[in-house]
Amino acid sequence: MKLATLKNGTRDGTLVVVSRDLTRAADVSHIAKTMQLALENWDAVLADLTAVYDKLNDNAVSGAFTFNPQEAMAPLPRCHQFIDASAFLNHGNIMEKAFDLDVKKDPNIPILIQRQSDDFMGPHEDYAFPSEEDNADFEGEFAVITGDIPMGASASETLDKVRLVTILNDMSMRKHLFRELQMGFGFILAKPATVFAPVAVTPDELGDAWKDGRVHLNMEVSRNGEWFGHPNGGEMDFSFGQILQHITYNRNIKAGMILGSGTVSSKDWKETGSACLAERRALDILEFGEVKTDFLKYGESLSFDVKDHLGQSVFGKIDHTMVKP
């Protein structure tokens, strides 16, 4: 099943079911008014939502309409908790080698940080940031949205509670990142609002590509219409299940929690490219001895997409432009 949230003048929008080919939608607010309510009452609403989805794919829903991703908000426009991981260790390894960083990490413990969750952006909104001197960057990631998960859940139990999968652009302001890290706490100015794809899908929609708690599909990234990379989500060193198990060691997770994978990164980077400017800049240093890749400027455009084995976009495309405030 594929779900989206359309703008209706409120902060949480209207929940719709979207057809598999992303061309049509049906308002399901009579079943669950918002995505958050659907997640909180998943067992009660799943059958009804699925029935609408099946009929929509058969062109049998009265009142169905053309799906316009320009009208989409983030699938979950705001949430009570957003945690981002750095589950592709190759990404960190490249950065550490290029910039001679001494990072104290445990290969058995996922790297995590709490993130801003009250101001998510839709897939086609212009992205404003204060100054080009902020060194704006992008990071293509996969993400899962969960139901309730009790403290002490196993990795397999947590995966059973993954309700939806989507993709995001985790924007970064690199000028502020190292300064904030050196203060010994966490990110604030370095990590502004996150941008999400128009659609979130149930794991079964991914078929064989959803395996071992990972999305085994390419993250296709373009900058100003030119290919930037297509690293594969299957290279996650920690699965979503393992990360969720770690998080629930001493706490409960409530429905609507979003977990990001961290920058998708491939060991075969000469073939697959990157999903992040900082990583590409680090690779410049390793390959050429100097940085050749600029940070983002006003007017530049970015796109992120993931396609199935038939070449069909799974989540719809993130496609947005950098602008002055």
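Scroll up a little and you will see the structure.
Here's what I pulled together on the structure shown here. Keep in mind that what you see is a predicted model, and the values were worked out from it rather than measured.

Conventions and cut-offs
- Residues numbered from 1 in each chain as written.
- Predicted model: local features only at pLDDT ≥ 70, side-chain atom pairs only at ≥ 80, totals over all residues.
- Heavy atoms only, no water.
- Helix = DSSP H or I, 4+ residues; strand = E, 2+ residues; numbered from the N terminus.
- Polar contact = N/O pair within 3.5 Å; in protein donor to acceptor, adjacent residues only side chain to side chain.
- Contact = heavy atoms within 4.5 Å.
- Buried < 20%, exposed > 50% of the residue type's maximum accessible area, 1.4 Å probe, protein only.
- Salt bridge = Lys/Arg side-chain N within 4 Å of Asp/Glu carboxyl O.
- Phe/Tyr/Trp six-rings, centres within 6.5 Å; stacked < 30°, edge-to-face > 60°.
- Pairing = 2+ DSSP bridges.
- Core = buried A, V, L, I, M, F, W, Y, C linked by side-chain atoms within 4.5 Å.

Considerations on the side chain of Thr194
Reasoning step 1: Topologically, Thr194 is positioned in the loop between helix 5 (174-182) and strand 12 (195-196).
Reasoning step 2: A distance of 3.5 Å separates a polar atom in the side chain of Thr194 from a polar atom in the side chain of Arg115.
Reasoning step 3: Ignoring anything within four residues of it in the chain, the contact list for Thr194 reads Phe82, Arg115, Asp119, Phe120, Met121, Leu168, Asn169 and Asp170.

Considering unusual backbone geometry
Reasoning step 1: Of note, Asn59 is a non-glycine position whose phi angle comes to about 55°, a positive value.
Reasoning step 2: For Asn59, the position within the fold is in the loop between helix 2 (42-57) and strand 4 (65-66).
Reasoning step 3: Overall, the relative accessible area of 59% leaves Asn59 in the exposed class.
Reasoning step 4: Look at Asp100: it is not a glycine, yet its phi comes out positive at around 55°.
Reasoning step 5: Residue position: Asp100 is located in the loop between helix 3 (89-99) and strand 6 (112-115).

Let's talk about the pattern of salt bridges
Reasoning step 1: Applying the stated rule across the entire model yields 13 salt bridges.
Reasoning step 2: In this structure, the salt-bridge partner of Asp12 is Arg78, at a minimum N-O distance of 2.9 Å. Here Asp12, found in the loop between strand 1 (2-6) and strand 2 (14-18), pairs with Arg78, found in the loop between strand 4 and strand 5 (82-85); they are 66 residues apart in sequence, far enough to count as distant.
Reasoning step 3: For Asp12, a relative accessible area of 27% puts it in the partly exposed group.

Observations regarding the packing of aromatic side chains
Reasoning step 1: Counted according to the given criterion, the structure contains 7 aromatic pairs.
Reasoning step 2: Centroid distance Phe138 to Phe228: 5.2 Å. Interplanar angle 75°. Geometry classified as edge-to-face. Residue Phe138 is located in the loop between strand 8 (136-137) and strand 9 (140-146), and its partner Phe228 is located in strand 17 (residues 226-229); the two are separated by 90 residues in the primary sequence. We note that Phe138, like Phe228, is buried.
Reasoning step 3: Both rings, one in Phe138 and one in Phe304, keep their centres 5.9 Å apart while their planes meet at 75°; by these two values the pair is edge-to-face. With Phe138 in the loop between strand 8 and strand 9 and Phe304 in strand 19 (residues 301-305), this residue pair connects regions lying 166 residues apart in the sequence.

A look at the sheet that holds strand 19
Reasoning step 1: The 5 strands lie next to each other as 7-20-19-16-17, forming an open sheet whose pairing is mixed. At either end of the open sheet lies a strand with only one pairing partner, and these are strand 7 (127-128) and strand 17.
Reasoning step 2: As judged from the 3 bridges shared by strand 16 (residues 220-223) and strand 17, these two strands associate in the antiparallel manner. The partner of Val221 across the bridge, within strand 17, is Gly229.

A word on the nonpolar core
Reasoning step 1: Judged by nonpolar contacts, the single largest core of 61 residues is most densely connected at Leu206, Leu259 and Phe315.
Reasoning step 2: When residues of this core are traced back to their parent elements, those giving at least two are strand 1, strand 2, strand 5, strand 9, strand 10 (162-169), helix 6 (240-247), strand 19 and strand 20 (318-323).
Reasoning step 3: When residues in this core are grouped by element, the largest group, 4 residues, is from helix 6.
Reasoning step 4: By size, the runner-up hydrophobic cluster in this structure holds 29 residues, among which are Leu3, Val28, Trp42 and Tyr53.

Worth remembering: the numbers are spatial, not functional.
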